[in-house]
There are 2 protein chains.
Amino acid sequence: MKNRTIGVALLGLGTVGLGTYRVLKAQRGEMIYKTGAQLLLRWILVRNKEKAAAKVDEPELITDRFDDILNDDQVEIVIELIGGTTVAGEYIEAALRAGKHVVTANKDLIASDHGRLMDLAKENGCDLMFEAAVAGAIPVIAPLKQSLAANHLSEVMGIVNGTTNFILTRMEQEGMEFGEALALATELGYAEADPTADVEGMDAARKVAIMASIAFNSRVSVEDVWTEGITKITADDIRYAQEMGCCIKLIGMAHSDGSSIEAYVAPMLIPKRHPLASVNDSYNAVFVRGDAVEDAMFQGRGAGELPTASAVVGDVFDVARNIVHECNARISCTCYKHLPVVRMEDVYSRYFLRVEVEDRIGVLAELADVFARHLVSVDQIIQKQRPISLQPSETRQESCASKAGQGSLCTQAESELPGTEIVVITDVVREGAFRRAVQCISDKKGTRRICSIIRVYTSDERMKAEGNRR
Amino acid sequence: MKNRTIGVALLGLGTVGLGTYRVLKAQRGEMIYKTGAQLLLRWILVRNKEKAAAKVDEPELITDRFDDILNDDQVEIVIELIGGTTVAGEYIEAALRAGKHVVTANKDLIASDHGRLMDLAKENGCDLMFEAAVAGAIPVIAPLKQSLAANHLSEVMGIVNGTTNFILTRMEQEGMEFGEALALATELGYAEADPTADVEGMDAARKVAIMASIAFNSRVSVEDVWTEGITKITADDIRYAQEMGCCIKLIGMAHSDGSSIEAYVAPMLIPKRHPLASVNDSYNAVFVRGDAVEDAMFQGRGAGELPTASAVVGDVFDVARNIVHECNARISCTCYKHLPVVRMEDVYSRYFLRVEVEDRIGVLAELADVFARHLVSVDQIIQKQRPISLQPSETRQESCASKAGQGSLCTQAESELPGTEIVVITDVVREGAFRRAVQCISDKKGTRRICSIIRVYTSDERMKAEGNRR
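Treat the numbers as computed from the prediction; the structure is a model and nothing was measured. (Residues numbered from 1 in each chain as written. Chains lettered and ligands numbered in written order. Predicted model: local features only at pLDDT ≥ 70, side-chain atom pairs only at ≥ 80, totals over all residues. Heavy atoms only, no water.)

(A) Structural context of the interface of chain B and chain A. On the side of chain A, 51 residues touch chain B, which itself brings 51 residues to the contact. Between chain B and chain A, roughly 4400 Å² of surface is buried when both sides are summed, and carbon and sulfur atoms account for 50% of that area. With a closest N to O distance of 3.1 Å, R330 of chain A and D318 of chain B form a salt bridge. Summed over the shared surface of chain B and chain A, the result is 31 residue pairs in polar contact (both at pLDDT 80 or more). Within the residue set of the side of chain B that touches chain A, elements represented by two or more residues are α1 (15–26), α2 (31–35), α7 (141–145), β12 (294–301) and α13 (305–324) of chain B. Broken down by element, the residue count for the side of chain B that touches chain A peaks at 9 residues, all from α13 of chain B. (Contact = heavy atoms within 4.5 Å. Buried area = accessible area lost by both parts, 1.4 Å probe. Salt bridge = Lys/Arg side-chain N within 4 Å of Asp/Glu carboxyl O. Polar contact = N/O pair within 3.5 Å; in protein donor to acceptor, adjacent residues only side chain to side chain. Helix = DSSP H or I, 4+ residues; strand = E, 2+ residues; numbered from the N terminus.)

Here you go:
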């Protein structure tokens, strides 16, 4: 056993920073057996030194000057837990240029700048690890790069945002509307004061960009990831999904046939028998398909002080092992392909459409006709028997107003005629064709409003069975 | 990119051997980008050369002499897929002594000889990897050694035998009896001609030994793992479990409080809300708890040609990376502790007991009294209302006969008096105390037979809440 001491610096002492500090402390007695080295925390970089000093046992480690770290030759590993893309990015670059290895949980930065930073790490013979950036505590990056490396992966999809999964679970299990469930999530600390990045799917999109890049060995940036959130999902949608043996999950989807990549975030109807369907509350999970592994799923805590720190310190230990064995950059960038990302309108999927129409003879036939003209094959079309009241309830008015505000295709035309609801499930169809059909339906006089459009998860087997290219 | 060629030899061309051959072929164009090396298959060792030649494209690689491989200096990685503990063990030892790295799927050998082989590998500066030995395609060993290394793990439990999970799933979903479900598993190829190692839990015990050793950094041999199979489980047990919101799974359990280890295989009642409860059919899953990660679960294919090969070739790629970066034995044996394994009678658990007694006043009170005298605290005691017929049906007779054959505590005493069934759920209790209470109940005149004894999964939180040491 070599008795190597490795200096470590921690940037940031927020939730994950403090968790990392604690886990490093908890592992102090064992890290030498696990890595061959004793890790020594030398600096903690913060903005407010006094506030930070109260949180740790060694206030003398606290600094507000990054140069203290950069100029300390004994610091070999920098742990970046500041977050965001500005100062964090500068620090990471400077650390790598100085030959210091970097471990980060910064999904914003990795999702937007993965390629450049990995190249920079490689040039400097450094490790750059970011397991904690995707799905918190759950090992995803390492399994994709190592244990599953002998696969041509076709699908990496997951529930990678705990806030939205908590909201959708409450909506499903307690019949809550979106707003109510969001309020509960905020109250319980599962949602941030500004929940936009979570509920609009941007947070999930960053993780999809990272997962897709690694799974398909081709760089996917967050800008390539088409994104739709869950703000339009209603309790009614979830009830319909349940009737069809499905639940609704916000899915981060990365799919590849080997020649191109599909990458998007959207709420989807998932069959109850799919492993992702039983992942509830704030849990995250990543489901993987490959030509050898068949399918596998990893689930666990996607966020939180100690779970995220588990992933961060796991990476730090791996870097330490590489230092001891002089093999840093042992696994560097694995993006050796240049696959195009498919435009969303060219993605094939099945769709769930719920539309409110005038209740008169011939409306159903008109709808079917629109789909036929747009070559959209319909799997099911159901006219719901429940009558819609002429005086919409306050809840329904609110729900529709909020939908309009979010730029939905909502056509509010409360006329005197009685309304009825039609639910359509399409076969596999190109998104562009489906959208044009929906626009056409939306423009029709008899259409009160497009209530919901939700994608329906379709396995590769079914895609193939239906003879559709993806 | 270094342009390194690494010679590989394959021992065995059975199901997994052929799968490995195929996956290596499928990855031929990409392995250099993934590992920095081109792997070149130089030998395939088989017993019957002619039979093997028909299976591969390069019959010239086939040999029946291990010395061809041992004496070939260009072979740097030996993939052992023969199985069993005799010749496979000799070959692995010889390969390691010759400085060749070894990848194996051999759970028998690793479970019984993990420590010695890891030491031998280390002495020779070699990698010895065995991801495929536990839960097939599912990454378990690598995550435990790397991504989750920053944890003190307290629990690693799982469904690690696909045959028994298939049988229990059919029993649950279709109300089949054990024999019927086993026959179906055999017919569909999920069970081997001699299913003993699977249904009696020995296969699972090997995986528990390996998982426990790695999770708790202390060597656990298969002999240390107390083992009970599923042959005594009846459709009735499963119905009772369902009434209680549980299912029955064959669980491989490894638990540690940091000072000792519990390691056993047994059917257990698992609450439906536990992630393992939704792992059905032939799928495997491993559930992990640690002080930082909280809980995580990995699920996927536990066996099969290509899934197992996925894990094997994933390891081969990792060894190749280590060769390229000259850091073999980078992660060697991690058993740096010497924790005792707790005797099963000292393990604490809750129990489900189903007993058939004479239907007369006072029987329930007598039972309660026995438990009280043995200091076994009872959570629930239920006298089932369904009357038991005086003329037992053919099925029941068979079931009881088969139980007697398997050495259960079955006390067959079909008397003239009407019988009734009592179900008891205990609080957390030491197994030894519980067993003595059951023996006492079994000896009582009014007891017809002990129908079932099944452990009830109890989380650490509940253990603590009940103030019980584990």
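Back to the text.
(B) Here's a closer look at the packing of helix α8 (residues 162–174) of chain A against helix α12 (residues 235–243) of chain A. All names here are of chain A. In the contact formed by α8 and α12, the axes pass within 9 Å of each other and the chain directions differ by 70°. One finds that α8 runs roughly perpendicular with respect to α12. The crossing of α8 and α12 is right-handed. The segment α8 lies against α12, with L168, M171 and E172 engaging A235, I238 and Q242. Its residues assigned to classes, the contact of α8 with α12 shows 4 nonpolar, 1 polar and 1 charged. (Axes fitted to C-alpha atoms, helices over the stretch in contact; angles between N-to-C directions. Parallel < 35°, antiparallel > 145°, perpendicular 65-115°, else oblique. Left-handed = near helix turned anticlockwise from the far one by under 90°. Nonpolar A, V, L, I, M, F, W, Y, C, P; charged D, E, K, R; others polar.)

(C) Highlighting the sheet that holds strand β2 (residues 37–45) of chain A. The 6 strands lie next to each other as β3-β2-β1-β4-β5-β6 (chain A), forming an open sheet whose pairing is parallel. Across the chains shown, the open sheet's two edge strands, defined by having one partner strand only, are β3 (62–63) and β6 (128–129) of chain A. (Pairing = 2+ DSSP bridges.)

(D) Focus on the pattern of salt bridges. The tally for this structure, following the rule as stated, stands at 75 salt bridges over all chains. Between R116 of chain B and D113 of chain B there is a salt bridge; the shortest N-O distance is 2.7 Å. Pair noted here: R116 of chain B and D113 of chain B are both in helix α6 (residues 107–123), with a separation of 3 residues, about one helical turn. Close ionic contact of R354 of chain B with D237 of chain B constitutes a salt bridge, the shortest N to O distance being 2.9 Å. Pair noted here: R354 of chain B is in strand β13 (residues 348–358) and D237 of chain B is in helix α12 (residues 235–243), with a separation of 117 residues, a long-range link. Accessibility classification places R354 of chain B together with D237 of chain B in one group, the buried group. What emerges from the salt-bridge pattern is a single network uniting D236, D237, R239, R354 and E421 of chain A. (Buried < 20%, exposed > 50% of the residue type's maximum accessible area, 1.4 Å probe, protein only.)

(E) Broad picture of the relation of the copies chain B and chain A. Rotating chain B by 180° about the axis while translating it 0.0 Å along that axis superimposes it on chain A, leaving an RMSD of 0.0 Å. Viewed as a symmetry operation, the transformation between the two copies matches a two-fold axis. Of the C-alpha atoms belonging to chain B, the one lying closest to the rotation axis is found on F298 of chain B, 2.3 Å away. By residue overlap, the copies meet face to face through one surface: 100% of the interface positions of chain B are interface positions in chain A. (Least-squares fit on C-alpha atoms with pLDDT ≥ 70 in both.)

(F) Broad picture of the sheet that holds strand β6 (residues 128–129) of chain B. Read from one edge of the open sheet, 6 strands run β3-β2-β1-β4-β5-β6 (chain B), paired in parallel fashion. Both edges of this open sheet fall to β3 (62–63) and β6 of chain B, since each of them pairs with a single strand only.

(G) Representation of the state of the cysteines in the model. Per the stated rule, a full pass over the model turns up 0 disulfides over all chains. Of all cysteine sulfurs in the structure, the one in C247 of chain A sits closest to C246 of chain A, which takes part in no disulfide; the separation is 7.2 Å. In this structure C246 of chain A comes out as buried when scored by relative accessible area, which is 8%. Here C333 of chain B stays unpaired: no disulfide links it, and the sulfur of C335 of chain B, its closest cysteine neighbor, is 4.2 Å away. (Disulfide = S-S within 2.5 Å.)

(H) Seen up close, the packing of aromatic side chains. Taken as a whole, this structure holds 13 aromatic pairs over all chains when the rule is applied. Look at Y336 of chain A and Y33 of chain B: their rings are 4.7 Å apart centre to centre, the planes differ by 15°, and that puts the pair in the stacked class. Note that Y336 of chain A is positioned in the loop between α13 (305–324) and β13 (348–358) and Y33 of chain B in helix α2, a pairing that runs across two chains. The residue whose ring lies beneath R170 of chain A is F166 of chain A, and the NZ or CZ to ring-centre distance is 5.4 Å. Here R301 of chain A stacks its cationic end above the ring of Y283 of chain A, 4.1 Å away from the centre of that ring. (Phe/Tyr/Trp six-rings, centres within 6.5 Å; stacked < 30°, edge-to-face > 60°. Lys NZ or Arg CZ within 6 Å of the ring centre and 35° of its normal.)

(I) Spotlight on helix α9 (residues 178–187) of chain A. Residue and element names in this part refer to chain A. When α9 is considered as a whole, its buried residues turn out to be F178, A181, L182 and A185. Each buried residue of α9 sits inside an arc of 100° when the element is viewed along its axis, so together they form one side. In this fold, the buried residues of α9 make contact with α8 and α10 (196–199). A positive phi of about 85° marks G189, the residue just after α9. (Arc of directions from axis to C-beta.)

(J) Representation of the nonpolar core within the structure. Within the largest apolar cluster, 168 residues are counted, with the highest numbers of intra-cluster contacts made by F130, I167, M171 and I210 of chain A together with L144, I167 and I210 of chain B. With residues near it in sequence (within four places) discarded, M171 of chain A still touches M176, E177, F178, A181, I233, T234, A235 and I238 of chain A. (Core = buried A, V, L, I, M, F, W, Y, C linked by side-chain atoms within 4.5 Å.)

(K) Molecular detail of the side chain of N161 of chain A. Residue and element names in this part refer to chain A. Relative to the helices and strands, N161 resides in the loop between β7 (153–159) and α8. Here the side chain of N161 touches T163 through a polar contact of 3.3 Å, landing on its backbone nitrogen. At a separation of 2.7 Å, a polar atom in the side chain of N161 contacts the side chain of D198.

(L) Fine view of the packing of helix α5 (residues 87–97) of chain B against α6 of chain B. Residues and elements named next belong to chain B. The contact between α5 and α6 brings their axes to 11 Å, and the two run at 15°. With respect to α6, the axis of α5 lies roughly parallel. Classified by chirality, the crossing of α6 by α5 is right-handed. Listed contacts from α6 to A88, G89, I92, E93, L96 and R97 of α5 are L109, R116, L117, L120 and A121. The residue inventory of the contact of α5 with α6, partitioned by class, reads 7 nonpolar, 1 polar and 3 charged.

(M) Focus on the side chain of T169 of chain B. Residues and elements named next belong to chain B. If you trace the backbone, T169 turns up in helix α8 (residues 162–174). For T169, a relative accessible area of 0% translates into the label buried. With sequence-adjacent residues up to four places away left out, T169 is seen in contact with E174, K249, N280 and D281.

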